[in-house]
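Observations on the model geometry
Chain by chain, the residues:
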Amino acid sequence: RVAGEGDGASCDENDKGVLRGLNEQDLAGTFVCGPDGTIDYINPKLAKMFGYGVEETLGRNFMDCVSADTREEVRAAFQHLTDGRVHSEEISARVIRKDGGTANVVAQWSTAFRNGKPVIIGVALDMSALNEARESLAASEGLYGALVAALSEGVLMIDADGRVVTCNEAAARTLGYTQDEIRSRNSYDPSWNMVHEDLTPLRMEEHPSAIALRAGRRVNDMTMGIRRRDGELRWVNINAQPLFDKGEAKPRAAVVSFFDVTVHKQDQDRLMQVNHALAVLSRANETVVRSSNEHDLLDEMCRVLTATGYRLAWIGLQTARPEGVVRPVAAAGGAITVSGEADKGGGTIGRDAGIDADAVLASGKPQIVSDLTPQTAVKGERSVAPESGARIVLPLRGRTEPLGVLVLYADRPDAFGADEERLLVQLAENLAYGIGSLRERAKIEDSEKRLRGSMEAAVQAVASTLEMRDPYTAGHQRDVARLA
């Protein structure tokens, strides 16, 4: 405190020593000036801020050290103190150093009395380094924000509770929501309908951000599916990095980055489907070539198709009566009742069971259900087929007439892409050709059998005629033939 004469206050030598120590510290500048702004006292720290020695500043008006751009603001604040409108005032100003440079200071001024006269006392802090740090931080944050905004990769900042704090435009674009809508959501909320690559649901605790926040470890290159607002399934490759405060074992936040790999995933799935279909076609063609009769061909074909990955396969052939009825004659992989013959026993699969075989055979084009539901699944007479996944019905057409249908079921939706469909159509054509060939062979063998019987009957008639002319050799030709 500054003691005034006659005010009942005084300082002993110990107090003066304490005050001197406070004034001459190297953290903050202190000063005393008169009502006209003349500096009566300044400590070494404040003189250093101005770039002067202590003696150089005494007697100068402090307003001479204030830069022009802040001078009027400082003058107004100083006036408020001297005319008694305020007792204390905080002001920020830019001061001019002796070398012509500037320094940013913040000062706290108060009015007091010295020897019965009003004076202004103040404490000032050099804010230049702090302001530079703030500007540098703001610039860094601006640069960081610009970089994150410019990334084609989606970036989310997740707080300790799993809620999205920041979201860039790429993330919003991929997820199909606005940035504001995403910021208010939980990153592993079940409403995102997230799935693994095999389409099984992704549990909350399996989400990369949940692992990063709860286990405190990084998650790299996890592929998962997520439903956009419009219901479209998008595939993303996702990474999650936990963030820790110094000395803390539990993460305070996590940074999640991801990029859209839907096209790559679709291409990969398509390639796998084509490779699978090629393998199926190869084995099916072997079956067509090696089978010696129609029954074995159909049974073995169904077994081959289910052994190579299809959930259920069955073959239905058209019956002679009533026309248009397709009856399963071979099946593998599921509960389809078969008779073994097109015209006898077994269950029938008709339009009322969800498969329009007539339309398939009439158009010659496959019928595909990409996502089976209980309403589209087959429940025909004594037959039960899968209620999920996908189904394709392929026509089997002979040279002149329709033969029947080949029906395949897959475990997952959208399993029958365009490339796989094309190869399966070729498989069905080869199977129909095999059925036709075996039927033609059976007809030829039957004709040969009848022709052989006719020839044997003719020879027998000739032999009988000859024997009638020579009773002595009667039966000789038959005996020779039997021995032969």
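Residues numbered from 1 in each chain as written. Predicted model: local features only at pLDDT ≥ 70, side-chain atom pairs only at ≥ 80, totals over all residues. Heavy atoms only, no water.

1. Thoughts on the pattern of salt bridges
- The tally for this structure, following the rule as stated, stands at 20 salt bridges.
- Asp269 is the salt-bridge partner of Lys265, the closest N and O atoms lying 3.1 Å from each other. With Lys265 and Asp269 both in helix H9 (residues 262-290) and 4 residues apart, this pair spans about one turn of that helix.
- Overall, the relative accessible area of 6% leaves Lys265 in the buried class.
- Arg439 is the salt-bridge partner of Glu294, the closest N and O atoms lying 2.9 Å from each other. Placement of the pair is Glu294 in helix H10 (residues 294-307) and Arg439 in helix H12 (residues 418-469), with a sequence separation of 145 residues.
- For Arg439, a relative accessible area of 31% puts it in the partly exposed group.
- Where salt bridges share partners, they join Arg228, Asp230, Glu232, Arg234 and Asp260 into one cluster. (Salt bridge = Lys/Arg side-chain N within 4 Å of Asp/Glu carboxyl O. Helix = DSSP H or I, 4+ residues; strand = E, 2+ residues; numbered from the N terminus. Buried < 20%, exposed > 50% of the residue type's maximum accessible area, 1.4 Å probe, protein only.)

2. Topic: the sheet that holds strand E3 (residues 88-96)
- The strand order across the open sheet formed by 5 strands is E2-E1-E5-E4-E3, and the pairing between neighbours is antiparallel. At either margin of the open sheet sits one strand with a lone partner, and together these are strand E2 (39-42) and E3. Along the sheet, successive strands turn relative to each other by an average axial angle of 30°, direction set aside.
- Direction of pairing for strand E1 (residues 29-33) relative to strand E5 (residues 117-126): antiparallel, over a ladder of 5 bridges. In the strand pairing of E5, Gly29 is matched with Ala124.
- Along the sheet face, helix H4 (residues 68-82) touches E1, E3, strand E4 (102-114) and E5 and points at about 150° away from the line of E3. (Pairing = 2+ DSSP bridges. Axes fitted to C-alpha atoms, helices over the stretch in contact; angles between N-to-C directions. Contact = heavy atoms within 4.5 Å.)

3. Some remarks on the confidence of the model for the protein chain
- Looking at the protein chain as a whole, the pLDDT averages 81, with 83% of positions reaching at least 70.
- Low pLDDT, under 50, characterises residues 342-348; the stretch is placed with 29 contacts to residues that sit more than four places away or in other chains. (pLDDT = per-residue confidence, 0-100.)

4. Describing the layout of surface pockets
- The calculated volume of the largest pocket comes to roughly 940 Å³.
- Lining the largest pocket are 30 residues, and of these Asp269, Gln273, Arg412, Pro413 and Asp414 lie nearest its centre.
- Of all elements in the fold, only strand E9 (233-243), H9 and H12 reach the threshold of two or more residues within the lining of the largest pocket.
- Sorting elements by how many residues they give to the lining of the largest pocket places H9 first, with 8 residues.
- Here the lining of the largest pocket is composed, by residue class, of 11 nonpolar, 6 polar and 13 charged. (1 Å grid on protein atoms, 1.4 Å probe; cavity = no way out; pocket = protein on both sides within 12 Å on 5 of 7 lines; lining within 4 Å. Points joined across faces, edges and corners; volume = space filled by probe spheres on them. Nonpolar A, V, L, I, M, F, W, Y, C, P; charged D, E, K, R; others polar.)

5. Details of the environment of Trp192
- As for its position among the elements, Trp192 is in the loop between helix H7 (179-183) and helix H8 (208-215).
- Counting along the chain gives 17 residues from Trp192 to Leu175, while the straight-line C-alpha distance between them is 9.2 Å.
- Here Asn186 takes part through its backbone oxygen, which lies 3.0 Å from a polar atom of the side chain of Trp192. (Polar contact = N/O pair within 3.5 Å; in protein donor to acceptor, adjacent residues only side chain to side chain.)

6. Side note on the side chain of Thr308
- Examined against the element boundaries, Thr308 turns out to sit in the loop between H10 and strand E11 (312-318).
- Taking the relative accessible area as the measure of exposure, Thr308 reaches 15% and is therefore buried.
- Among the polar contacts listed, one links the side chain of Thr308 to the backbone oxygen of Val304, at a separation of 2.9 Å.

7. Section: the sheet that holds strand E17 (residues 402-410)
- In space, the 5 strands of this open sheet follow the order E12-E11-E17-E16-E14, with antiparallel pairing throughout. With partners counted over all chains shown, the strands left at the sheet margins are strand E12 (326-332) and strand E14 (367-369), one partner each. With strand direction ignored, the average angle separating the axes of adjacent strands in the sheet is 20°.
- Of the strand pairs in this sheet, E11 and E17 are connected by 6 bridges, and their pairing is antiparallel. Across the sheet, residue Ile315 finds its bridge partner in E17, namely Leu406.
- Strand contacts of H10: E11, E12 and E17, with the helix running at about 150° to E11, the strand carrying the most contacts.
- Strand contacts of H12: E11, E14, strand E16 (390-397) and E17, with the helix running at about 40° to E16, the strand carrying the most contacts.

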